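Spelled out from the first residue to the last, the chains are:
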Amino acid sequence: MDKATLEPPRIEEIYARKHRIRVKTEAEIDGIRRAGRLVVATLEMVASRIAPGITTEAINTWVHEFTVASGAVPAPLNYRGYPKSVCVSVNEVICHGIPGPRALAAGDIVNVDVTSILEGFYADANRTFFVGEPGPEARKIVTVARECLTRGMQMVKPGNTIGDIGWAIQSHAESQGCSVVREFVGHGVGLEFHEPPQVPHFGRKGEGLVLIPGMVFTIEPMINLGRKELRILDDEWTAVTRDGSLSAQFEQTVLVTPEGCESLTPWDA
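All values reported here derive from a predicted model rather than from experimental measurement. (Residues numbered from 1 in each chain as written. Predicted model: local features only at pLDDT ≥ 70, side-chain atom pairs only at ≥ 80, totals over all residues. Heavy atoms only, no water.)

Undergrad: Quick question: what am I supposed to make of the overall build of the protein chain here?
TA: Helices and strands together make up the secondary structure of the protein chain, namely 6 helices and 15 strands. Dimensions of the protein chain along its principal axes, counting C-alpha atoms only, are 70 × 45 × 35 Å. The burial tally for the protein chain puts 53% of its 269 residues in the buried class. Put simply, 68% of the contacts in the protein chain that link residues at least 6 apart link residues at least 24 apart. Carbon and sulfur atoms make up 51% of the accessible area of the protein chain, which amounts to about 12,000 Å² in all. For the protein chain, the distance from the average position of its 27 positive side-chain charges to the average position of its 34 negative side-chain charges is 4 Å. (Helix = DSSP H or I, 4+ residues; strand = E, 2+ residues; numbered from the N terminus. Buried < 20%, exposed > 50% of the residue type's maximum accessible area, 1.4 Å probe, protein only. Contact = heavy atoms within 4.5 Å. Areas by Shrake-Rupley, 256 points an atom, 1.4 Å probe, with all protein chains shown as cover. Lys, Arg positive; Asp, Glu negative; His and termini not counted. Charge placed at Lys NZ, Arg CZ, Asp CG, Glu CD.)

This is the structure in structure tokens:
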């Protein structure tokens, strides 16, 4: 019997076999980090151009052209039949809004969700922007959603669990009279668009998979001003709040480090 047979499996091997989670190498993390810098630059470009009268199709054109000119590929385009290069979700749209002729109006909120593939590596992030001067409801839901992401990221460190992340997000959202969407969750990312594990934005402290260094996943809470229920439109992509209330979302791709958490898409909120 050789030495390899006697040694117990490493935690990374257990996670790969049992949970299909690919703990990332330093070289892979560097690649995801480079893709993340492009995603951040893309969001900053969009932020500089958002204004009343701009159509969601124009945002798609900006993102597509910027991504391709940077030597990358927009991951959403043709992914499972999705027809555009970016998701653009306005007001009551929770996620997966398909860009088109809708023009942004003063007081709207708009989420822009960017995923880029650069040299084979994926990074994913989104931000919700104000269009012109926001009203009190728009300001509230965007503030709560941004804080939910911050609190979720603060739970990311070795030894904590995925349930800790969801608990932190859900606790804050509900303390502010808002709700957390259940149907869509965060996910592993980096070597593919969607990888294990799933990362719910609700949950109980101490439950779920234990976090270990080298895990890379998104945290992307979708927070509704009203009830959590949603419906999917006839295009089979666009998710909207069932009660018509506003919804906001913020997302980062995060790495579990030996010390805690590193954002691989560190946009400035």
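Undergrad: What exactly am I supposed to notice about the side chain of Q249 here?
TA: Along the polypeptide, Q249 turns up in strand β13 (residues 247-249). Residue classification places Q249 among the buried residues on the basis of a relative accessible area of 1%. If we ignore the near neighbours within four places in the chain, the residues touching Q249 are I94, C95, N111, N126, R127, T128, A145, E220, P221 and M222.

Undergrad: Can you walk me through the pairing of strand β9 (residues 216-219) in this structure?
TA: Moving residue by residue along a regular strand, the side chains alternate between the two faces of the sheet. The side-chain alternation of β9 yields two buried faces, one formed by V216 and T218 and the other by F217 and I219. In this sheet, strand β14 (residues 252-256) lies alongside β9 in antiparallel orientation, the contact comprising 4 bridges. Paired with F217 across the two strands is V254, which belongs to β14. (Pairing = 2+ DSSP bridges.)

Undergrad: Would you mind showing me how to read the packing of aromatic side chains here?
TA: The geometry of two aromatic rings is summed up by the distance between their centres and the angle between their planes. Inspection of every chain in the model, using the stated rule, returns 4 aromatic pairs. Look at Y79 and F193: their rings are 4.6 Å apart centre to centre, the planes differ by 45 degrees, and that puts the pair in the tilted class. Taken as a pair, Y79 in the loop between β1 (73-74) and β2 (87-90) and F193 in the loop between β7 (186-188) and β8 (195-199) lie far apart in primary sequence, 114 residues in all. On the accessibility criterion, F193 (10% relative accessible area) is buried. For the ring pair F250 and W267, a centre distance of 5.7 Å and an interplane angle of 40 degrees mean the geometry is tilted. Within this pair, whereas F250 is found in the loop between β13 and β14, its partner W267 is found in the segment after β15 (261-263), the two being separated by 17 residues in sequence. Across this residue pair, the class does not change: F250 and W267 are buried. Three or more aromatic residues joined by ring pairs form one cluster here, namely Y79, Y122 and F193. Above the face of the W62 ring, R49 is positioned so that its terminal group lies 5.4 Å from the ring centre. Taking the ring centre of F202 as reference, the NZ or CZ of R182 above it sits at 4.7 Å. (Phe/Tyr/Trp six-rings, centres within 6.5 Å; stacked < 30°, edge-to-face > 60°. Lys NZ or Arg CZ within 6 Å of the ring centre and 35° of its normal.)

Undergrad: Which parts of the structure should I look at to understand the environment of I59?
TA: Tracing the chain through its elements places I59 in helix α4 (residues 56-69). It is 28 Å that separates the C-alpha atoms of I59 and P200, two residues lying 141 residues apart in sequence. Other than its neighbours up to four places away in sequence, I59 contacts V46, I50, I54, V86, V88, L104 and V112.

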